Amino acid sequence: MSRWCAVITASDRPTYHAIADAIADDIQAGRLRAEQKLPPLRALSRALGVNFSTAARGYAEAAERGLIAGRPGSGSYVRGEIRSDPVRSASTVGPIDMRMNMPPEPRSPALRARLREGFASLGSGNDVYDLLRYQEFGGTQRDREAGALWMAQRLPRADAANILVCPGAHSALLGLCASLLRAGDSLACEAISYPGIKGIAAHLGIRPAALPADRDGLDPDAFAALCAADPPKALYINPTLNNPTTATLSAERRAAIAEIALRYGVPIIEDDPYGCLPKQRLAPIATHAPELTFYVAGLSKVLGAGLRIGYLVTPNVRYTARVSSTLATLSVMANPAMIYLATRWIEDGTVRAATRAIREESMARQALAARVLRGIEYQSQLEAFHLWLPVPAPWNRIELATRLQQHGIAAVVSDAFAMRAPAPEAVRICLGGTASREECHRHLEIMHDVIEHLPAMAAGGYGEPFVDY
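Each value, and the rule that gives it
Residues numbered from 1 in each chain as written. Predicted model: local features only at pLDDT ≥ 70, side-chain atom pairs only at ≥ 80, totals over all residues. Heavy atoms only, no water. Pairing = 2+ DSSP bridges. Helix = DSSP H or I, 4+ residues; strand = E, 2+ residues; numbered from the N terminus. Right-handed = clockwise from strand over helix to strand, strands pointing away. 1 Å grid on protein atoms, 1.4 Å probe; cavity = no way out; pocket = protein on both sides within 12 Å on 5 of 7 lines; lining within 4 Å. Points joined across faces, edges and corners; volume = space filled by probe spheres on them. Nonpolar A, V, L, I, M, F, W, Y, C, P; charged D, E, K, R; others polar. Buried < 20%, exposed > 50% of the residue type's maximum accessible area, 1.4 Å probe, protein only. Arc of directions from axis to C-beta. Phe/Tyr/Trp six-rings, centres within 6.5 Å; stacked < 30°, edge-to-face > 60°. Lys NZ or Arg CZ within 6 Å of the ring centre and 35° of its normal. Salt bridge = Lys/Arg side-chain N within 4 Å of Asp/Glu carboxyl O. Contact = heavy atoms within 4.5 Å. Axes fitted to C-alpha atoms, helices over the stretch in contact; angles between N-to-C directions. Parallel < 35°, antiparallel > 145°, perpendicular 65-115°, else oblique. Left-handed = near helix turned anticlockwise from the far one by under 90°.

Draft legend 1. Region of interest: the pairing of strand 6 (residues 207-211). As judged from the 5 bridges shared by strand 5 (residues 186-190) and strand 6, these two strands associate in the parallel manner. Looking across to strand 6, one finds that Glu190 is bridged to Leu211. Taken together, strand 5, helix 7 (residues 195-204) and strand 6 form a β-α-β motif whose crossover is right-handed.

Structure, rendered in structure tokens:
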């Protein structure tokens with residue numbers, strides 16, 4: 001294997017942290033392998049153009065995180081392979097990507113037939129050039145009314161005049177942030193948030209104001225304290241089956257957060273991709289503060305990730321025009337063929353049937369997880385298709401993700417979601433995607449074995465951290 005060298009990027013964090021971060025990132029990405037020897041400190045300091053003590057602190061930080069270890073006289077190594085392997089093999093089903101938070105794909109022949117009919121209808125009964133021409137951003141009146149129909153159970157008063165059909169919910173979030181905030185502005189959000197908003201904030205130069213949350217969601221008292229001290233330009237919140245923690249904001253907290261936002265005039269970006277999955281739905285924050293809330297929901301989590309259609313409900317016509325202009329600048333328009341399918345499938349009940357099937361399949365997989373992972377601490381909800389898994393001491397998130405990867409399971413470490421350092425010792429595990437229920441079951445069993453044997457593996461010992469001076 002070729003000699004490894006850290007690639008670090010400029011940030012506000014100390015350089016030695018950046019070195020440890022680079023080691024963690026490259027272990028996660030597979031660019032560093034277990035037992036791989038790291039370059040001597042003098043070579044690393046020369047390659048990075050940093051002084052010797054900074055390079056040494058970088059290795060020491062990585063060792064403290066449990067990423068590397070050392071052997072006197074031999075230098076520093078990535079933490080080693082398992083010495084004995086008690087974990088079941090994944091070879092019978094092959095590797096499974098449990099990183100992307102996609103809904104499970106129901107096996108219902110009737111549902112699959114309805115989806116095929118929808119795609120077939122693109123070429124029949126339509127002027128194909130209608131689907132190939134530029135269209136005004138936001139969808140036709142019929143498309144907006146379909147969006148209002150789909151969201152009626154959550155937002156019964158949603159007005160089609162204030163709904164924009166967008167090329168996915170993520171695109172709507174980008175347009176909203178670009179419309180409501182400027183570089184340097186503060187965006188309040190949960191300390192552990194959807195990674196898409198983290199990327200958008202970084203791209204636009206927005207400062208995240210990370211707030212504490214628990215199993216009931218964002219702490220309203222912390223939001224009130226922030227608003228009193230330094231009001232943010234907006235609040236971003238993912239209130240239902242939060243990605244990644246699965247927390248659902250309680251009804252009391254939804255009302256409290258709306259009241260605080262109204263008191264201080266803080267616009268709310270309510271990102272609700274999973275809002276229609278729970279059988280017992282809570283009223284969106286938008287119902288408590290409609291004059292300040294921008295409500296975003298899409299079809300990717302209740303039908304399929306490839307249907308990049310989202311719906312944005314704005315507080316009034318003035319905001320609709322303003323945000324529409326920004327979104328048109330950023331993305332021109334949503335794909336007309338995808339809009340056609342979304343409208344058709346909402347009107348004929350396909351979206352409702354798909355949501356019901358995905359809910360049932362998610363519940364079945366959650367039941368599997370509860371049975372297979374019994375005795376292992378994790379956080380989830382009945383209708384969610386992902387888990388939030390704290391990493392048991394003395395292991396850390398990178399080690400667990402690496403160990404899972406060695407057994408064919410790809411997970412996401414908490415760093416992807418952390419809006420401030422340090423990231424918690426946790427990983428997100430997704431139960432959906434292309435994997436069948438049987439494959440999901442098999443990999444949950446492997447995950448159980450890996451986690452159950454972590455303490456024993458750690459006890460095998462790798463020696464004290466050692467750096468080659």
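Draft legend 2. Up close: empty space enclosed by the protein. What the rule picks out here adds up to 4 cavities of 30 Å³ or more. Here the largest cavity defines a volume of roughly 90 Å³. The wall of the largest cavity is formed by 12 residues, among which Ile27, Val78, Arg79, Glu399 and Thr402 lie closest to the centre. Ranked by residue count, the leading element in the lining of the largest cavity is helix 13 (residues 397-406), at 5 residues. By residue class, the composition of the lining of the largest cavity is 6 nonpolar, 3 polar and 3 charged.

Draft legend 3. Representation of helix 2 (residues 41-48) within the structure. What helix 2 keeps buried is the set Leu41, Leu44, Ser45 and Leu48. The arc that holds every buried residue of helix 2, seen down its axis, measures 95°, which confines them to one face. Following helix 2 by one or two positions, Gly49 has its phi on the positive side, about 70°.

Draft legend 4. Main features of the packing of aromatic side chains. If you walk through the whole model with that rule in mind, you get 5 aromatic pairs. Ring centres of Trp388 and Phe417 lie 5.9 Å apart, and the angle between their planes is 85°; on these two criteria the pair is classed as edge-to-face. Of this pair, Trp388 sits in strand 13 (residues 386-390) while Phe417 is found in the loop between strand 15 (412-413) and strand 16 (426-430), placing the two residues 29 residues apart along the sequence. Comparing Trp388 with Phe417, the two get one shared label, buried. Lying over the aromatic face of Tyr16, Arg57 brings its terminal NZ or CZ to 3.9 Å of the ring centre. Its guanidinium or amino end placed over the ring of Trp150, Arg154 lies 4.4 Å from that ring's centre, counting from NZ or CZ.

Draft legend 5. Region of interest: the pattern of salt bridges. A complete count under the given rule lists 13 salt bridges for this structure. Here Arg437 and Glu361 are joined by a salt bridge, their closest N and O atoms 2.7 Å apart. Within this pair, whereas Arg437 is found in helix 14 (residues 437-452), its partner Glu361 is found in helix 12 (residues 350-372), the two being separated by 76 residues in sequence. In this structure Arg437 comes out as partly exposed when scored by relative accessible area, which is 36%. Under the relative-accessibility criterion, Glu361 is labelled buried at 11%. Three or more residues joined by partner-sharing salt bridges are found here, namely Arg114, Arg344 and Asp348.

Draft legend 6. The arrangement of the sheet that holds strand 13 in detail. Pairing is antiparallel across the open sheet formed by 3 strands, whose spatial order is 13-16-15. Because the sheet does not close on itself, it has two edges, and the strands there are strand 13 and strand 15. Where strand 15 lies against strand 16, 2 bridges are found, and the strand directions are antiparallel. Within the sheet, the bridge partner assigned to Val413 lies in strand 16 and is Val427. Sitting on the sheet, helix 13 touches strand 13, strand 15 and strand 16, and the angle it makes with strand 16 is about 35°.

Draft legend 7. Spatial organisation of unusual backbone geometry. Cis geometry is found at the peptide bond from Asn243 to Pro244, where omega equals 25°. Along the polypeptide, Pro244 turns up in the loop between strand 9 (234-237) and helix 9 (251-264). The linkage connecting Ala421 with the following residue, Pro422, adopts the cis geometry, with an omega of -5°. Among the structural elements, Pro422 can be located in the loop between strand 15 and strand 16. Even without being glycine, Glu35 reaches a positive phi, approximately 75°. Within the secondary structure, Glu35 sits in the loop between helix 1 (15-29) and helix 2. You will see that Thr246, though not glycine, has its phi angle at about 70°, which is positive. With respect to the helices, strands and loops of the structure, Thr246 is situated in the loop between strand 9 and helix 9.

Draft legend 8. Structural view of the packing of helix 5 (residues 141-150) against helix 11 (residues 336-347). Running from N to C, helix 5 and helix 11 point in directions that differ by 45°, and their axes come no closer than 9 Å. Taken together, the axis directions place helix 5 and helix 11 in an arrangement best described as oblique. In the crossing of helix 5 with helix 11, the sense of the turn from one axis to the other is left-handed. Facing helix 5, whose interface residues are Arg142, Asp143, Ala146, Leu149 and Trp150, helix 11 presents Ile339, Thr343, Ile346 and Glu347. Per-class residue counts for the contact of helix 5 with helix 11 are 5 nonpolar, 1 polar and 3 charged.

Draft legend 9. Up close: the sheet that holds strand 12 (residues 310-313). The strand order 4-12-11-10-9-5-6 describes an open sheet built from 7 strands, whose pairing is mixed. Both outer strands of the open sheet, strand 4 (163-166) and strand 6, are each paired with one neighbouring strand and no more. Adjacent strand axes in the sheet meet at a mean angle of 20°, parallel and antiparallel pairs treated alike. As paired elements, strand 9 and strand 10 (residues 268-271) share 3 bridges and run parallel to each other.

Draft legend 10. Structural view of the packing of helix 13 against helix 14. The contact between helix 13 and helix 14 brings their axes to 10 Å, and the two run at 135°. It follows from the interaxial angle that helix 13 and helix 14 lie oblique. Every pair of crossing elements has a handedness; the one defined by helix 13 and helix 14 is right-handed. Counted together, Leu400, Arg403 and Leu404 of helix 13 and Met447, Val450 and Ile451 of helix 14 form the full contact between these two elements. Residue composition of the contact of helix 13 with helix 14, grouped by class: 5 nonpolar, no polar and 1 charged.

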